[in-house]
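Inside the fold
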Amino acid sequence: MHNEIIVASSLSVRFNQQTVLDDVSFKVQKGEVFALLGGNGAGKSTTLKTFLGTVRPSTGKAEVLGMSVTKQIDNIRQKVAYLPESVTLYGHLSGIENISYFLSLAQISRTQTEIEQALTRVALQSSAWHRAMADYSKGMRQKVAIALALLREAPVLFLDEPTSGLDPNAIDEFNQLIATLAAEGTTVFMVTHDVYGACQIAHRIALLDQGKIVGMFERGEDSHIDTEVVHSAFSARNKR
Ligand SMILES: Nc1ncnc2c1ncn2[C@@H]1O[C@H](COP(=O)(O)OP(=O)(O)O)[C@@H](O)[C@H]1O
Ligand SMILES: [Mg+2]
């Protein structure tokens, strides 16, 4: 088994004449939490969309689980879970109904007990399980999406700005859950503009500026990445 779960290699993306990603290379290992950090317009979402197959590389390659985004995107989509910046799902359906619906679309059968175990794992309060998701908070909607990923046994999670709009308790809970999943072998790729959040959760941070990777930061054995160091690199780049 290969341990390089997500690979970008000399990846460039151009829209019309504009180069949005410029020769980006990185590898994310199994069980790693990798954060792509950058300001607005840096190219973070474009990178993420390249791995989901909604943006095509102009040159270079992008792979997930050893599969090419240009040749095997259907296989990739079956394996990965994607949490967009705002998880909506179906507001008129409950958390459990949404999960059942999306599992059936994916032709995966899980028992009611298994679904309840997943919701317990992500710590969604049971009083909400049968309530319409329309009045769930952002944190609760994310929990349902992660529970769905667990039930699909997705080995890779792609997250776009996962903690923006969460309150501090929800952020702590979210970070804890992601750390646990990563420790169990799930590979997590997140994009964010939040320096502090990235330092809290990531094993490695790549700093993206105007489509280029301009810095890479790695955590120590049992210490987080230094917020000060990353913050000064980030703000030096984003002072415009
Ligand atoms: N489909 C598209 N067509 C043309 N330009 C795009 C498209 N998507 C993104 N861009 C441009 O690419 C740049 C990077 O966008 P994006 O990846 O969304 O940045 P980020 O997520 O880091 O804020 C921006 O200048 C944006 O306007
Ligand atoms: Mg974005």
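A brief look at the structure comes next. (Residues numbered from 1 in each chain as written. Chains lettered and ligands numbered in written order. Predicted model: local features only at pLDDT ≥ 70, side-chain atom pairs only at ≥ 80, totals over all residues. Heavy atoms only, no water.)

Things to note about the packing of helix α4 (residues 112–121) against helix α5 (residues 138–151)
Close contact between α4 and α5 brings their axes to 9 Å; oriented N to C, the two are set at 130 degrees. Compared by their axis directions, α4 and α5 come out oblique. Of the two possible hands of crossing, α4 and α5 adopt the one that is right-handed. Taking contact as the criterion, the partners of Glu114, Ile115, Ala118, Leu119 and Arg121 in α4 are, on α5, Val144, Ala147, Leu150 and Leu151. (Axes fitted to C-alpha atoms, helices over the stretch in contact; angles between N-to-C directions. Helix = DSSP H or I, 4+ residues; strand = E, 2+ residues; numbered from the N terminus. Parallel < 35°, antiparallel > 145°, perpendicular 65-115°, else oblique. Left-handed = near helix turned anticlockwise from the far one by under 90°. Contact = heavy atoms within 4.5 Å.)

Remarks on the site of ligand 1
Near ligand 1 the following residues occur: Phe15, Gln18, Val20, Gly39, Asn40, Gly41, Ala42, Gly43, Lys44, Ser45 and Thr46. Contact distances for ligand 1 include 3.3 Å between an oxygen atom and a side-chain N or O atom of Gln18. Separating an oxygen atom of ligand 1 from a backbone N or O atom of Lys44 is a distance of 2.8 Å. For ligand 1, the protein covers 60% of the area, taking 560 Å² as the surface of the free molecule. Put simply, the parts of the chain that give the shell around ligand 1 at least two residues each are β2 (18–29) and α1 (44–52). Residue contributions to the shell around ligand 1 peak at 3 residues, all from α1. A per-class count over the shell around ligand 1 returns 3 nonpolar, 7 polar and 1 charged. (Near = heavy atom within 4 Å. Polar contact = N/O pair within 3.5 Å; in protein donor to acceptor, adjacent residues only side chain to side chain. Areas by Shrake-Rupley, 256 points an atom, 1.4 Å probe, with all protein chains shown as cover. Nonpolar A, V, L, I, M, F, W, Y, C, P; charged D, E, K, R; others polar.)

Overview of the nonpolar core
Core analysis: the biggest nonpolar cluster contains 49 residues, and Ile99, Leu119, Ile178 and Ile205 have the highest contact counts within it. By residue number, the principal contributor to this core is α5, which donates 8 residues. Excluding residues that lie within four positions of it along the chain, Ile178 makes contacts with Val33, Ile146, Leu157, Leu159, Val188 and Ile201. Phe26, Leu36, Phe51 and Ile76 belong to the second largest nonpolar core, which has 30 residues in total. (Core = buried A, V, L, I, M, F, W, Y, C linked by side-chain atoms within 4.5 Å. Buried < 20%, exposed > 50% of the residue type's maximum accessible area, 1.4 Å probe, protein only.)

Some points on the sheet that holds strand β4 (residues 59–64)
Taken together, 4 strands build an open sheet; the order of strands is β2-β1-β4-β5 and the sheet is antiparallel. Looking at the sheet topology across the chains shown, the edges are occupied by β2 and β5 (67–68). In this structure, strand β1 (residues 4–15) lies alongside β4, joined through 5 bridges in antiparallel fashion. Looking across to β4, one finds that Ile6 is bridged to Val64. Here α1 sits on the sheet and contacts β1, β2 and β4; the angle it forms with β1, its principal contact strand, is near 115 degrees. (Pairing = 2+ DSSP bridges.)

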